[in-house]
Amino acid sequence: TLAKRQLARIPRRRGQRRMALVSSSMEDLASLVVVIDLDAKGQVAAWGACATEVTGWSAEEVLGLPFVESFVPPSCREELQRAITVALAGEASRSLALPVLTKNGQQRELM
């Protein structure tokens with residue numbers, strides 16, 4: 001893998017090798033995480049590359065749009081809006097599956 005090739009080029013000092021492995025692992029993990037950030041109004045403030053891959057929507061298309069109204073199926077909007085309100089108030093919220101609508105109209109579950 002790319003991470004193994006990168007490690008092969010790094011001197012075998014223990015600390016450097018471990019840092020390279022952690023750094024590479026974090027990059028691999030970040031490429032698998034759907035990042036969607038909302039502002040205080042519930043509008044899309046950030047949209048990661050994996051979100052684009054999963055939904056088909058590019059960041060340019062979604063930034064500034066109201067997330068719940070634009071990307072959540074109508075039957076799930078009320079529950080999600082409550083969860084967002086709780087989170088924005090700084091209260092602990094439970095993890096929930098997030099159904100989103102893709103650009104072609106399919107529904108996907110994000111965890």
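Report follows, based on the coordinates.

Rules used in this analysis
- Residues numbered from 1 in each chain as written.
- Predicted model: local features only at pLDDT ≥ 70, side-chain atom pairs only at ≥ 80, totals over all residues.
- Heavy atoms only, no water.
- Salt bridge = Lys/Arg side-chain N within 4 Å of Asp/Glu carboxyl O.
- Helix = DSSP H or I, 4+ residues; strand = E, 2+ residues; numbered from the N terminus.
- Buried < 20%, exposed > 50% of the residue type's maximum accessible area, 1.4 Å probe, protein only.
- Core = buried A, V, L, I, M, F, W, Y, C linked by side-chain atoms within 4.5 Å.
- Contact = heavy atoms within 4.5 Å.
- Phe/Tyr/Trp six-rings, centres within 6.5 Å; stacked < 30°, edge-to-face > 60°.

Side chains that carry opposite charge are capable of pairing whenever their charged atoms lie near each other. Per the counting criterion, the structure on display carries 2 salt bridges. Here E61 and K103 are joined by a salt bridge, their closest N and O atoms 2.6 Å apart. Note that E61 is positioned in helix α4 (residues 59–62) and K103 in the loop between β3 (98–101) and β4 (107–110), a separation of 42 residues in sequence. By relative accessible area, K103 is classed as partly exposed at 45%.

Next up on the list: the nonpolar core. Judged by nonpolar contacts, the single largest core of 14 residues is most densely connected at V44, W47, F67, V68, V72, L80 and L98. Of all the elements in the fold, those that place two or more residues in this core are β2 (44–47), α4, α5 (67–71), α6 (77–88) and β3. If one sorts the elements of this core by residue count, α5 sits on top with 3 residues. Residues in contact with V68, not counting those within four places in the same chain, are R77, L80, Q81 and I84.

The tally for this structure, following the rule as stated, stands at 3 aromatic pairs. When the centroid spacing of 5.7 Å and the interplanar angle of 75° are considered together, the rings of W57 and F71 count as edge-to-face. Placement of the pair is W57 in the loop between α3 (49–55) and α4 and F71 in helix α5, with a sequence separation of 14 residues. Of the residues examined, W57 reaches a relative accessible area of 22% and is grouped as partly exposed. Consider the rings of F67 and F71, whose centres lie 5.8 Å apart with planes at 35°: the pair is tilted. On the criterion of helical spacing, the pair formed by F67 and F71 is a turn pair, its members being 4 residues apart in helix α5. Across the pair, F71 and F67 agree in class, each one buried. Here the aromatic residues W47, W57, F67 and F71 are joined through ring pairs into a cluster of three or more.

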